[in-house]
Amino acid sequence: MKKILAVLMVSALLVGLLSACGSDKKVTYQFLDETLGVESYAIGFRVGEEELAKTVSGAVKALVLNGTYDEIGKKYPEIADYLCLSADDIDDSDIPEEGSGDPGYTFKHGFDLDYPPYSYLQDDGSVGGFDVELCQAVCEYLGWGYKSVPFNWDAKDLELNAGSCDCIWSGFTKEGREDDYTWGITYSNNTQGILVASNSGITKLSDLEGKVVGVQTATSAYEMLEDSRADLAETFSDLKVYETYTIAYNDLKAGAIDAIAIDMTAGSYLVASDAD
């Protein structure tokens with residue numbers, strides 16, 4: 001009799017555990033409807049590099065006209081809705097001829113080593129991302145060599161000013177930096193938002209009061225929370241600054257922070273990649 005009771009008790013426990021597991025819903029992540037702001041991404045060169053900026057921008061326009069720009073965009077669906085260049089709007093008067101670049105010149109592409117889907121280092125050490133592929137296509141069009149120069153984002157100005165790279169091309173926001181660089185073509189628009197877990201109970205910006213919010217250092221979102229949206233940041237219990245958004249996203253999943261201030265393309269990419 002005792003054995004029968006023991007078996008029944010174990011069976012009931014297993015059923016209860018299975019029921020509990022079956023009732024759990026996978027946590028998903030989403031952006032709040034309210035955003036922090038809208039920005040534009042462009043290619044930043046050292047001040048005075050007008051001719052180089054013009055050549056690279058002209059090559060980008062050529063890639064828009066021949067369809068390469070859109071073809072690369074299709075590989076990164078999170079970006080597709082933010083691409084702002086159209087063949088109908090291109091002035092072809094300043095487009096360099098294909099293969100007209102110096103074949104002995106190597107263009108050094110500076111970018112954030114962990115900013116998908118724009119630029120990132122892959123597990124095998126190779127580079128990827130929309131900006132990386134577009135820059136490589138520019139070099140191929142002009143007949144230049146290509147060299148990747150990945151760096152931590154907060155070192156971007158040191159790398160550029162030291163001559164380690166020829167440009168900063170990595171989801172680089174132009175607004176607020178207009179006089180700090182010679183700017184090439186604006187190729188993408190973006191929106192800064194707040195990423196949260198679907199079960200967090202956070203549905204609007206005011207719900208962030210008393211919460212821990214993560215952000216990547218030296219990004220537009222960080223600068224917004226330090227400047228134009230400082231009033232919002234003052235309501236947080238803490239603004240936790242990370243070296244990369246990948247680390248911040250892992251902390252969000254672990255429950256170490258309540259939200260992330262991040263651009264929607266990068267945030268959407270992280271969520272989509274995690275679901276694969």
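This text gives an overview of the structure that appears in the document. Only a predicted model underlies this, so the values are computations on that prediction, with no experimental measurement involved. (Residues numbered from 1 in each chain as written. Predicted model: local features only at pLDDT ≥ 70, side-chain atom pairs only at ≥ 80, totals over all residues. Heavy atoms only, no water.)

1. Observations concerning the environment of Ala-80
Assignment of secondary structure puts Ala-80 in helix α4 (residues 77-80). Sequence spacing of Ala-80 and Gly-104 is 24 residues, and the spatial spacing of their C-alpha atoms is 34 Å. (Helix = DSSP H or I, 4+ residues; strand = E, 2+ residues; numbered from the N terminus.)

2. Thoughts on the packing of aromatic side chains
Per the counting criterion, the structure on display carries 15 aromatic pairs. Consider the rings of Phe-172 and Trp-183, whose centres lie 5.1 Å apart with planes at 40 degrees: the pair is tilted. On the criterion of sequence distance, the pair formed by Phe-172 in the loop between β8 (167-168) and β9 (182-197) and Trp-183 in strand β9 is long-range, its members being eleven residues apart. For Phe-172, a relative accessible area of 0% translates into the label buried. Grouping aromatic residues by their ring pairs yields a cluster made of Tyr-69, Tyr-76, Phe-130, Trp-169 and Tyr-187. (Phe/Tyr/Trp six-rings, centres within 6.5 Å; stacked < 30°, edge-to-face > 60°. Buried < 20%, exposed > 50% of the residue type's maximum accessible area, 1.4 Å probe, protein only.)

3. A word on unusual backbone geometry
Pro-117 follows Pro-116 through a cis peptide bond whose omega is 5 degrees. The topology assignment puts Pro-117 in the loop between β4 (114-115) and β5 (119-121). In the Ramachandran plot, Ala-218 falls in the positive-phi region, its phi being about 65 degrees despite a non-glycine side chain. Considering the arrangement of structural elements, one finds Ala-218 in the loop between β10 (212-216) and α7 (220-226). Take Ala-218: its relative accessible area is 14%, and that puts it in the buried class.

4. Things to note about the pattern of salt bridges
Summed over the entire model, instances satisfying the criterion amount to nine salt bridges. For Asp-94, the salt bridge identified is with Lys-61, shortest N-O distance 3.3 Å. Pair noted here: Asp-94 is in the loop between α4 and β3 (106-112) and Lys-61 is in helix α2 (residues 50-65), with a separation of 33 residues, a long-range link. Owing to a relative accessible area of 17%, Lys-61 belongs among the buried residues under this scheme. Two residues, Asp-274 and Lys-253, come together in a salt bridge whose shortest N-O distance is 3.1 Å. Separated by 21 residues along the polypeptide, Asp-274 in helix α10 (residues 264-275) and Lys-253 in helix α9 (residues 245-254) bring together distant segments of the chain. The class of Asp-274 is partly exposed, set by a relative accessible area of 33%. One connected set of salt bridges, linked through shared partners, spans Arg-46, Glu-49 and Asp-166. (Salt bridge = Lys/Arg side-chain N within 4 Å of Asp/Glu carboxyl O.)

Geometry only, nothing functional implied.
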